[in-house]
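Okay, here's what each chain looks like letter by letter:
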Amino acid sequence: MDVTSMLVKVFLVDKQLRGLRSRLDAADRFLGDQNKDLERLDTKRRLIEAQLKQAQVDAKTDEGEIARIDARMNQIREQMNSAQTNREYKAFLTELNTFKAERDRLETSALEKMTACDTLRAQIEELDAQRAQRQQVQGVAAGERTQRETEIRERLEALKVERKEASKDVPPEAMTIFERLVISHGDDAMAAVEVEDRRRHEFFCGGCRMTVPVESVSTLMISGKLTRCVSCQCLLYLDEAAREAMKPAGSKRG
Ligand SMILES: [Zn+2]
């Protein structure tokens with residue numbers, strides 16, 4: 001078997017391998033996205049929980065302060081009842097009004113904090129709902145990933161064996177050229193020649209659709225030496241259809 005034909009076998013096996021792996025990669029990526037989303041939701045929840053805790057503490061502090069003021073105001077009221085002079089009474093009244101103003105301020109503040117707590121609790125609830133939903137998707141994604149891996153494992157192993165077999169007689173320098181091309185061109189590292197018109201010498205590269213000279217086609221027919229497309233640099237080969245199209249009209253009948 002000529003070197004191009006050997007490489008075509010390797011190339012076709014590699015293509016299948018890449019296809020299988022890309023299916024697994026896609027499942028991996030999807031699962032990774034779900035995990036990232038879950039982490040993001042968890043981080044957000046922790047942040048809001050901390051805010052809630054702080055708001056609760058603040059509200060309690062305000063309430064404690066209010067209770068302290070109430071006690072002090074009751075005390076002043078009693079003192080007012082037993083005030084001896086008008087001046088003394090007025091002094092208590094002024095003090096009482098100062099406390100009253102402070103109490104109003106604290107009450108507003110406590111109310112604001114409780115409202116904030118309610119908002120934060122609602123946010124946590126919303127996040128929990130989102131998380132539950134995301135968790136479900138993550139579960140499906142993890143299941144699919146495992147299933148896909150199981151599905152392809154056997155095929156992957158078989159292809160690896162096939163590749164080893166196909167590549168064992170390929171000369172190392174040809175393999176190096178091929179492998180470099182796969183890195184730069186991927187699935188377009190090799191392309192079949194398309195025979196548009198044999199007698200008019202109209203041949204195209206199946207990869208880039210540019211003209212392939214008849215000399216290249218002859219080389220492939222005769223020796224199967226490594227032949228590159230002058231436009232896209234891929235390695236050209238003759239597939240079954242091209243070989244059939246290259247047969248002289250007479251031999252086709254037979
Ligand atoms: Zn080309």
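(A) The overall build of the protein, seen in detail. When its secondary structure is counted, the protein shows six helices and three strands. Tracing the protein from N to C terminus, the helices and strands come up as α-α-α-β-β-α-β-α-α. In terms of overall size, the protein is more extended than a compact globule, its C-alpha atoms giving a radius of gyration of 41 Å where 254 residues would be expected to give roughly 18 Å. Dimensions of the protein along its principal axes, counting C-alpha atoms only, are 135 × 35 × 35 Å. Residues counted as buried form 13% of the 254 residues belonging to the protein.

(B) View of the sheet that holds strand β1 (residues 190-197). The three strands are arranged β2-β1-β3 in an open sheet whose pairing can be described as mixed. Looking at the sheet topology across the chains shown, the edges are occupied by β2 (202-205) and β3 (235-237). Neighbour-to-neighbour, the strand axes of this sheet turn through a mean angle of 40°, independent of strand direction. Its contacts with the sheet put helix α1 (residues 3-81) on β1 and β3, and the angle it makes with β3 is roughly 105°.

(C) Up close: α1. Helix length check: α1, at 79 residues, gives a terminal C-alpha distance of 115 Å against a target of 117 Å (1.5 Å per residue), a fit within 8%. Those residues of α1 hidden inside the fold are in contact with α2 (86-167), α3 (172-185), β1, α4 (214-222) and β3.

(D) Structural view of the domain arrangement of the protein. When cut into domains, the protein gives domain 1 (17-167) and domain 2 (173-253). Just the C-alpha atoms count here: the centres of domain 1 and domain 2 sit 63 Å apart.

(E) Structural view of unusual backbone geometry. A positive phi angle, near 60°, is found at His201, a position not held by glycine. Along the chain, His201 turns up in the loop between β1 and β2. Among the residues examined, His201 registers 15 C-beta atoms within 10 Å and is labelled partly exposed. Its identity is not glycine, yet Arg209 carries a phi of approximately 70°, on the positive side. Judged by the 12 C-beta atoms lying within 10 Å of it, Arg209 falls in the exposed class.

(F) Region of the structure containing the environment of Lys44. Position of Lys44 relative to the elements: it lies in helix α1. Distance in space between the C-alpha atoms of Lys44 and Ser223 is 66 Å, their sequence separation being 179 residues.

(G) Representation of the pairing of β2 in the model. Burial along β2 is one-sided: the face carrying Phe203 and Cys205 is buried and the face carrying Glu202 and Phe204 is not. As defined by bridge partners, β1 adjoins β2 across four bridges and the pair is classed as antiparallel. The residue bridging Val195 from the neighbouring strand is Phe203, located in β2. Counted between consecutive antiparallel strands, the loop separating β1 from β2 contains four residues, among which His201 sits at a positive phi close to 60°.

Thresholds applied
Residue numbering note: each chain is counted from 1, following its sequence as written. Residues qualify for local features only when their pLDDT is at least 70, as the model is predicted, and side-chain atom pairs are given and counted only at 80 or more; totals for whole chains, interfaces and linings, by contrast, use all residues. Going along the chain from the N terminus, every DSSP run of H or I of four or more residues is numbered as a helix, and every run of E of two or more is numbered as a strand. We take the radius of gyration over the C-alpha atoms and set the globule estimate at 2.2 Å times the residue count to the 0.38 power. Three classes are used. A residue is buried when 20 or more other C-beta atoms lie within 10 Å of its own, exposed when 12 or fewer do, and partly exposed in between, with C-beta atoms placed from the backbone. For two strands to be treated as a pair, DSSP must find no fewer than two bridges joining them. Structural elements are reduced to axes, namely lines fitted to C-alpha atoms, with helices fitted over the stretch in contact, and the angle between N-to-C directions of any two is expressed from 0 to 180 degrees. Note that contacts rest on C-beta atoms placed from the backbone: two residues are in contact if these are within 7 Å. Here, expected helix span is obtained from the residue count minus one, scaled by 1.5 Å. An automatic or database domain assignment is the source of the domain bounds shown.

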